[in-house]
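The residues making up each chain are set out below.
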Amino acid sequence: YPYRLYEHINDRYRFFSTATVYKYVAPVVRFPESNCEVLQIWMVVRHGTRFPSNNIIANISELHNYLSINKMTSQLKNEEVDKLNLWTFKLKDEHAEKIIEQGYNDMTFLGRNIRNLYKDIFKDNFNSQDFKVIVSPETRCKESAIMFLNEAFQKVIDENELEKMDLFDARFNLVNRVKTMVTDFETNFINGPEIHKVIENVARILGLDNLLDFNIVKAMHDACRYQKAKDINFDSPWCAVFTDDDLKVLEYYYDLKYYYSHGYGNMNNVQESMAIIQDLINNFDNKDQNKSGPKGVFYFGHTANVFSVIVGLGYAKDTIHLTDTNFASMKDRKWRTSYLDPFSSNIRAVLYKCGNDIKVTFFINDAPMYVEQYDCTLCSWDSIKQLLDSQYDQLIQIDK
Ligand SMILES: O=C(O)[C@@H](COP(=O)(O)O)OP(=O)(O)O
């Protein structure tokens, strides 16, 4: 990850996989972009911050059973125990996965940012010829798209002007986007020494005699991270039951899970990403070779859509697979879901005309992607295409 210019975060560890706050991950200082002419922006965006799912709401509600904390046996400070004892949880099923104020703020921020960065692209009014926008049918994605576009065009955009993602469009793979499959790596990690130590620590901090079930610890972690995502200046009292090292283990748990469900741990994911990468190639080639096509292409979807682009580009790929036994040696791994897919995560590819050359820069969450193979961030479009082709050639080899 080339950019480590994050906004100052208070003294606690704040990287919570796909429930991370966007601001903690995106660079504070804007990348100085080239002065070349922008031909097209192609972008895939995950919706802004949302409430947790039904399941998670139900699990967090259960935490009321763990609130009679004994100040004598607990290692929490008195005021932390008081805050926990006063903790109430009001979310109900009807809140599940709804976008929240922080989500609107993120999208407004992203829309304003893109308008400032590419003034020429956004100087004209929104119209479906110059701007191709396709949105997942989920309300959180539609609302995110509208907030983003209203700000980018400084005009109220009507939802009916936006195209809906087709459930069976291979580029978006909506049908398979939520993957519940649990791998042996995940099960073994849950039953392994690192998680065992987290469970022991939480029980000790709370002053309990018995160990807790991992699902309860997970619910405490959810209570902590979703509260942080909602009110970024406020800590849930549940955060106090974790040490920073424990939070790093839980982050790895999610990294491992997504590595196999959406990442390089399963070659089907790379295979499935071909459709969205081909869409990028078609759009950029059309601009480059036929001088036609929209100025902007925007897809508003989910975690699965962003990961699909990441693995299709071959970004954040480690040379060693993440497994249940290599947490310690993978400390500096590239596959960090907190950085890759926070709320409002986005990948932006920008096609430029620099003199007679056609170039491209990729951005992940506003940080430029460094392309190791060619040592560039502003790279020749032809060489990037070769790189993408060679990635798929390797896939075809594996298939044979
Ligand atoms: O597609 C969906 O419904 C959820 C799945 O979330 P996880 O279960 O992967 O956290 O992703 P989101 O919309 O938040 O990007």
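What counts, and at which threshold
- Residue numbers run consecutively from 1 along every chain, following the written order of its sequence.
- Given that this is a predicted model, residues contribute local features only at a pLDDT of at least 70 and side-chain atom pairs are listed and counted only at 80 or more, while totals for whole chains, interfaces and linings are drawn from all residues.
- Here the side-chain values reflect all heavy atoms present in the structure, with hydrogen atoms and water set aside.
- Starting at the N terminus, helices and strands are each numbered in turn, a helix being any DSSP run of H or I of at least four residues and a strand any DSSP run of E of at least two.
- Each residue after the first adds 1.5 Å to the expected span of a helix.
- Relative accessibility decides the category of a residue: with a 1.4 Å probe and only protein chains considered, values under 20% of the type maximum give buried, values over 50% give exposed, and everything between is partly exposed.
- Polar contacts, as counted here, are pairs of nitrogen or oxygen atoms within 3.5 Å of one another; within protein the pair requires one atom able to donate a hydrogen and one able to accept it, and residues that are adjacent in sequence qualify only if both atoms are side-chain atoms.
- Put simply, a salt bridge is a Lys or Arg side-chain nitrogen that is within 4 Å of an Asp or Glu carboxyl oxygen.
- The near set for a molecule or strand comprises every residue that places at least one heavy atom within 4 Å of it.
- The method behind every accessible area is Shrake-Rupley, applied with a 1.4 Å probe, and residues are considered shielded solely by the protein chains displayed.
- A pair of sulfur atoms, both from cysteines and within 2.5 Å, is called a disulfide here.
- Patches here are clusters of residues that have more than 30% relative accessible area and form no salt bridge, with a 9 Å joining cutoff for like charges and a 5 Å cutoff for nonpolar side chains (Val, Leu, Ile, Met, Phe, Trp, Tyr).
- Buried Ala, Val, Leu, Ile, Met, Phe, Trp, Tyr and Cys residues form a nonpolar core when they are joined through side-chain atoms within 4.5 Å.
- Contact criterion: two residues are considered in contact whenever any of their non-hydrogen atoms come within 4.5 Å of each other.
- The positive count covers Lys and Arg only, the negative count covers Asp and Glu only, and His and the chain ends enter neither.
- Under the pairing criterion, centres of Phe, Tyr and Trp rings, with the six-membered ring standing for Trp, must be within 6.5 Å; the plane angle then separates stacked pairs below 30 degrees from edge-to-face pairs above 60, leaving the rest tilted.
- Placement of a charge over a ring requires the Lys NZ or Arg CZ to be within 6 Å of the ring centre, with the centre-to-atom vector within 35 degrees of the ring normal.

Moving on, we get to helix H7 (residues 214–230). Taking 1.5 Å per residue, 17 residues should reach 24 Å; H7 reaches 24 Å between its end C-alpha atoms and fits that length. Among the 17 residues that make up H7, 14 are buried, leaving the element largely enclosed by the rest of the structure. For H7, the N-terminal capping position is held by Asp213, with its side-chain oxygen 2.9 Å away from the main-chain nitrogen of Asn215.

Per the stated rule, a full pass over the model turns up 25 salt bridges. For Asp82, the salt bridge goes to Lys71, with nearest N and O atoms at 2.8 Å. Here Lys71 lies in the loop between helix H1 (54–61) and helix H2 (78–86) and Asp82 lies in helix H2, a separation of eleven residues in the sequence. What emerges from the salt-bridge pattern is a single network uniting Glu97, Glu138, Arg140 and Arg177.

Close to the ligand lie Arg46, His47, Arg50, Arg140, Arg177, Val178, Tyr258, His302 and Thr303. Arg50 is positioned such that a nitrogen or oxygen atom in its side chain is 2.8 Å from an oxygen atom of the ligand. His302 has a polar side-chain atom sitting 2.6 Å from an oxygen atom of the ligand. Taken by itself the ligand offers 390 Å² of open surface, and the protein chains cover 83% of this.

With the rule as written, the count across this model stands at three disulfides. With its sulfur 2.2 Å from that of its partner, Cys36 forms a disulfide with Cys354. With the S-S dihedral at roughly 110°, the linkage between Cys36 and Cys354 falls on the right-handed side. Here the residue Cys36 occupies a position in the segment before strand E1 (37–46), and Cys354 occupies one in strand E5 (residues 346–354), the gap between them amounting to 318 residues. The side chain of Cys224 participates in a disulfide bridge whose partner is Cys239; the two sulfur atoms lie 2.2 Å from each other. With the S-S dihedral at roughly 100°, the linkage between Cys224 and Cys239 falls on the right-handed side.

The grouping of Leu167, Phe168 and Val175 at the surface amounts to a nonpolar patch, some 340 Å² of accessible area in total. Position of Val175 relative to the elements: it lies in the loop between strand E3 (163–164) and helix H5 (184–190).

Right, let's talk about the nonpolar core for a bit. Residues Trp42, Met220, Trp238, Ile310 and Trp335 are the most contacted members of the largest nonpolar core, which totals 94 residues. Broken down by element, the residue count for this core peaks at ten residues, all from helix H8 (residues 244–261). With residues near it in sequence (within four places) discarded, Met220 still touches Leu63, Tyr66, Val202, Leu206, Leu212, Trp238, Val241 and Phe242.

The next subject is helix H11 (residues 303–313). Among the eleven residues of H11, eleven are classified as buried, and the element is accordingly described as predominantly covered. Thr303, Ala304, Asn305, Val306, Phe307, Ser308, Val309, Ile310, Val311, Gly312 and Leu313 are the residues of H11 that are buried. The first or second residue beyond H11 is Gly314, which carries a positive phi of 75°.

By the element assignment, Asp318 lies in the loop between H11 and helix H12 (337–340). Of the side chains bearing the opposite charge, Lys334 lies closest to the buried Asp318, which forms no salt bridge; the N-O distance is 5.8 Å. A distance of 2.6 Å separates the side chain of Asp318 from the backbone nitrogen of Lys334, its partner in a polar contact. Here Trp335 takes part through its backbone nitrogen, which lies 3.1 Å from a polar atom of the side chain of Asp318. Once residues lying within four places of it in the same chain are set aside, the contact partners of Asp318 are Met330, Arg333, Lys334 and Trp335.

Here the phi dihedral of Glu97 falls at roughly 60°; this positive angle occurs in a residue that is not glycine. Position of Glu97 among the secondary structure elements: in the loop between H2 and helix H3 (101–117).

Within the structure shown, the criterion is met by 27 aromatic pairs. Judged by centre distance (5.6 Å) and plane angle (80°), the ring pair of Tyr259 and Trp335 falls under edge-to-face. Of this pair, Tyr259 sits in helix H8 while Trp335 is found in the loop between H11 and H12, placing the two residues 76 residues apart along the sequence. Residue Tyr259 is classed as buried on the basis of its relative accessible area, which comes to 1%. For Trp335, a relative accessible area of 0% corresponds to the buried category. The rings of Phe122, Phe126, Phe131, Phe148, Phe153, Phe298 and Phe300 are connected pair by pair, giving a single aromatic cluster. When the ring centre of Tyr254 is taken as reference, the NZ or CZ atom of Arg225 above it lies at 4.3 Å. The lysine or arginine in question, Arg348, covers the ring of Phe363, its NZ or CZ lying 4.1 Å from the ring centre.

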